[in-house]
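# A structural walkthrough
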Amino acid sequence: MTRFQPKNPDYRAIAIHTFNQQRAMKTLGISISRLEPGEVDLAMDYSADLIQQHGFIHAGIITAGLDNACGIAAFTLMPAATGILTVEFKTNLLAPARGERFAFRATVVKPGRTLTVCEARAYATHDRVETLIATMSGTLMALAAGRATAPEEGRVPT
């Protein structure tokens, strides 16, 4: 049994739709591998296009995966017609991001009406061994309907 009850019975479809609207996640090759109320696992295969100068996946890519995992986990508990926006996060990089596959697992620590606190962990699988490579603590804000719309394509938000 799950710890949290979603406020929106369509949370799964809405969260997947929200995730799929993020072109950055598609560009990075990150996908949803598990989704429950207040929890999400994202997955990413290794890509040489995402490495830094030492051959590890760049810390910014790992941070993006963790941030998105926190956001989707929090979003599963938001009411209908609500958007989500990160307002703060702290990342600890624990080990080089070396592996064939990466997982970003987030859980809601404390849901709130406006702010939700999440924790996430990033793992690298290398030679069939999974290693914890980073952690994140994040705060996400619920956006009321109307404030949650994106700018028109090609238009810079103001």
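Check the entry above for the structure.
In this report, we go over the structure that sits alongside the text. Because the structure is a prediction, the values reported are computed rather than measured.

Strand order in this open sheet of 6 strands is β1-β2-β4-β5-β6-β3, and the pairing throughout is antiparallel. With one partner strand each, in any of the chains shown, β1 (30–36) and β3 (83–93) form the two edges of the open sheet. Direction aside, the axes of adjacent strands within the sheet are offset by 25° on average. Pairing geometry for strand β4 (residues 101–110) and strand β5 (residues 115–126), over 9 bridges, is antiparallel. Along β5, the bridge assignment pairs F104 with A122. Contacts from helix α1 (residues 11–20) reach β1 and β2 (39–45), with the element oriented near 165° to β1. Contacting β1, β2, β3, β4, β5 and β6 (129–143), helix α3 (residues 59–75) crosses the sheet at an angle of about 50° to β6.

Our next topic: the nonpolar core. Membership of the largest hydrophobic core comes to 37 residues, with the highest contact counts inside it found for I62, F102 and F104. At the level of secondary structure, the elements contributing two or more residues to this core comprise α1, α2 (23–28), β1, β2, α3, β4, β5 and β6. Among the elements that take part in this core, α3 stands out by supplying 9 residues, more than any other. In this structure F104 touches I30, V40, D41, L42, M44, I62, G65, L66, A69, R121 and A122, once residues within four positions along its chain are discounted.

Attention now moves to α1. Of all the positions in α1, only Y11, A15, T18 and F19 are classed as buried. In an axial view of α1, the angular spread of the buried residues amounts to 100°, which keeps them on one side of the axis. Exposed and facing more than 90 degrees away from the buried side of α1 are A13 and N20. Against α2, β1, β2 and α3 lie the buried residues of α1.

This model, assessed by the stated rule, comprises 6 salt bridges. Between E39 and R34 there is a salt bridge, and its shortest N-O distance comes to 3.0 Å. For R34, a relative accessible area of 31% corresponds to the partly exposed category. When the shortest N-O distance is used, the salt bridge between R34 and D41 registers 3.2 Å. Classification of D41 as buried rests on a relative accessible area of 13%. Through salt bridges with shared partners, a single network forms among R34, E39, D41, R105 and E130.

Between its terminal C-alpha atoms α3 stretches 24 Å, which fits the 24 Å expected from 17 residues at 1.5 Å a residue. Most of α3 is tucked away: 13 of the 17 residues are buried.

Calculation rules
- Residue numbers run consecutively from 1 along every chain, following the written order of its sequence.
- It should be noted that, the model being predicted, local features are given only for residues of pLDDT at least 70 and side-chain atom pairs only at 80 or more, the latter also being counted only at that level, while totals for whole chains, interfaces and linings use all residues.
- The basis for every side-chain value is the complete set of heavy atoms in the structure, and neither hydrogens nor water enter the calculation.
- A pair of strands is considered paired only if DSSP assigns at least 2 bridges between the two.
- A run of H or I in DSSP counts as a helix once it spans at least four residues, and a run of E counts as a strand once it spans at least two, with each numbered from the N terminus.
- Note on geometry: axes are lines fitted to C-alpha atoms, helical ones only across the stretch in contact, with angles between N-to-C directions running from 0 to 180 degrees.
- Throughout, a contact is declared for two residues whenever any of their heavy atoms are within 4.5 Å.
- Put simply, a nonpolar core is a bunch of buried Ala, Val, Leu, Ile, Met, Phe, Trp, Tyr and Cys residues held in one set by side-chain atoms that sit within 4.5 Å of each other.
- In this scheme, a residue with accessible area under 20% of its type's maximum is buried, one over 50% is exposed, and one in between is partly exposed, where area comes from a 1.4 Å probe on protein chains only.
- When we speak of the arc, we mean the arc of directions from the helix axis to the C-beta atoms.
- For this document, the term salt bridge refers to a Lys or Arg side-chain nitrogen within 4 Å of an Asp or Glu carboxyl oxygen.
- Expected span, for any helix, means 1.5 Å times one less than how many residues it has.

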